[in-house]
Structure formats: structure tokens, C-alpha cells
Amino acid sequence: METRHLHYFLALCDELHFTRAAEQLGISQPTLSQQIRVLEGELNMPLFDRIGKKIALTEAGALLKAYASRMIQDEQNAKNAINELRSDSRGTIRLGLLPSDLDYRLTPLLVQFHQEFPNIRLQVYATTQIRQEVLDNKLDIGISLKGPRDPMLVEEDLGIEQYQLVIRKDHPYADREHIELSELPNLPLVMYPRGLLGRELVEDCFREAGLQLTPLMETGSATSVLQLVKAGIGGTIQPASLLNHLEDRSFCSIPIINHPPQRELRLIYRTDRFISHATGIFIDRLRDFLISDLTEVKTEPGTEK
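Throughout this document, residue positions are counted from 1 along each chain, in the order its sequence is written. Per-residue local features of the predicted model are confined to residues with pLDDT of at least 70, and side-chain atom pairs are confined, for both listing and counting, to 80 or more; whole-chain, interface and lining totals are unaffected and use all residues. The basis for every side-chain value is the complete set of heavy atoms in the structure, and neither hydrogens nor water enter the calculation.

## Comments concerning the nonpolar core
The nonpolar side chains of soluble globular proteins are, as a tendency, buried together. We call a set of buried residues a nonpolar core when its members are Ala, Val, Leu, Ile, Met, Phe, Trp, Tyr or Cys and they connect through side-chain atoms within 4.5 Å of each other. Residue exposure (1.4 Å probe, protein chains only): buried if accessible area is under 20% of the type maximum, exposed if over 50%, otherwise partly exposed. Ranked by internal contacts, the top residues of the largest apolar core, which has 28 residues, are L95, F113, I141, I143, L267 and L286. Of all the secondary-structure elements, those providing two or more residues to this core are β3 (91–97), α5 (102–116), α6 (130–135), β5 (141–145), β6 (153–168), β12 (262–270) and α9 (277–299). Looking at which element gives the most residues to this core, the answer is α9, with six residues. The contact criterion used throughout is that any non-hydrogen atoms of two residues lie within 4.5 Å. Ignoring anything within four residues of it in the chain, the contact list for L95 reads L106, Q123, V124, Y125, L139, I141, G142, I143, F282 and L286. Strands here are runs of E lasting at least two residues and helices are runs of H or I lasting at least four, both read from the DSSP assignment and numbered beginning at the N terminus.

Below, the structure is given as C-alpha cells:
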């Protein structure tokens, strides 16, 4: 069984279409068909059911797919390990984050890591499918919300982070020690659009309390949310540690009491993935950075005034 046959097979598993899979592989459709027949002949089992123009994995095909994915990953791990020996810490680290405030907060860490490892390419992606993309090897590392554990993943709990009301320092509520969750619907708010996890998490909390979240304005990035708050449009509900990374001291945060929105963050990567020296250092730095971030808010509660 040749490695290229497994690459061809897995590409066809992804597309379930001979022409599209052949285009992805850069070979002709007849060549792909012939190579799949060779593989099926060697195994003496059909791997795909061909129903007109459609195909589907057989039971044997599904079994081979699980093993082939591991075999290809092991091959890539071996190449990565050998390349690292002769490379002076080169390579790419693909990090997946929730599309909210995390990319904003991680900028200092990314800058520091680049200064230490200038030959490592850091690629940061905002996605709501972090767990699946780590499992599919589209991402090397992910920071996700806590969910059911998967035996294919290393999952490290980073901590629980509560959300607070972020407002300008000249806001009428700026001197308050806390605010009730039930008071928030009466305030003009700037929030992420529906569909982003930061918005959905807050919305779910409101819904469970029998409240309705109706933002005055919606925008898709932490930077633009804060700019609108600074312009006096309204307040926003954001993770408590967000203000730790702002040099602008014109904001303050008010703790929310009586069931505030909160999130549980988790660092994840595949158990069978080769971790280079530089990637291991990045994971350690990322873990320490986020745990420190959450701990700082816990040990210094209250407003930033």
C-alpha cells in the first residue's frame, strides 16, 4: 500500500466526487479512478459505493479512512521532527481563536514570540469551528469554549472568565461598584452581531434570566466595539480581562451580579500531533498568558477607574 494511494483515497473521502478530488490533487480524473481501483484490488474490498454520479464510503472505506488519517499524520510528524533537526526553528503555527476579543488581547504575546522566533510563521484564524478544525488538522492549536472531551485532543482548562459592563469613565454608572443583570436591558449597548459566540453567550444568559438583549449598535470586532463605546454610543458587555490590554484609560468596567455571563476557556491540540520545540514553547506561553490574564481579574476585582 503506497502513501500516494492513501493521499488519493483521503482526498476522495473529503470530496466524494472524483472530478473535484482529482482537481484538488492535480491529477486527471481517469488517473484517480485507476489508482482507487488499484487500492481496492490490493485490499480485495470495495471502498466506495458508486451510485450514478454519486459515491459514498463503504464500511471498509470508513475503516480505512480512520487508519489512513493516522498513517498520513504519523508520516507528517516524522517529516516535521526531522525537518526541525536541520531547520533552526522554522515552520508554521496555526492558531484558532473564537471570533471575539481574544485576538485583540493576544497581540502582545504574538509580538513577543515573533521577536524570539522570527523564522516561525504565526497564522491566527477566527473561527467558530475550532474543535473540528483542530481534529481535521486545519489548525495546530485552538482556544475554545469548554465542551465534551474528545480522546483525540489534549484539552487544558484555562479558567472561568466573567463578563462585565464596559463604559466610559464619564458614564453616569462609572462610580457604581456593581450592576444587576436585570438593569442591562435598559442601557444603550454596543455588541457583536448574532452568530458570534461572544454575542450568543451573553444572549443565552439574558434569555435564561427572562431578559431580552436589544443592542443599539452591532459590530464585528473588539476594536470597533470599544471605539463606539469611547464615542459615547453606549456601553458593552465584554470579558472582564479585556481592559487589561488597553493603554487607553478612558474606560472602566462594572462587575455584573446575579448570574453574570461567563465563559470557560480551554486550550486544545491533537494528542497524536508532533509538537516542535518552538510550538511547545508557544503553547506554554499561550497557556501562561491566558491563565495569568484570568487570575489577574480574579485577584483584583472591581472597576478600572
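That was the structure; now back to the text.
## A few points about the pattern of salt bridges
The working definition used for a salt bridge is a side-chain nitrogen of Lys or Arg within 4 Å of a carboxyl oxygen of Asp or Glu. Inspection of every chain in the model, using the stated rule, returns 22 salt bridges. Between R20 and E15 there is a salt bridge, with the nearest N and O atoms lying 3.3 Å from each other. With its nearest N and O atoms 2.8 Å apart, the salt bridge here joins E183 to R176. Look at R176 and you get partly exposed, because its relative accessible area is 25%. Connected through shared salt-bridge partners, R131, R149, E155, D157 and R266 make up one network.

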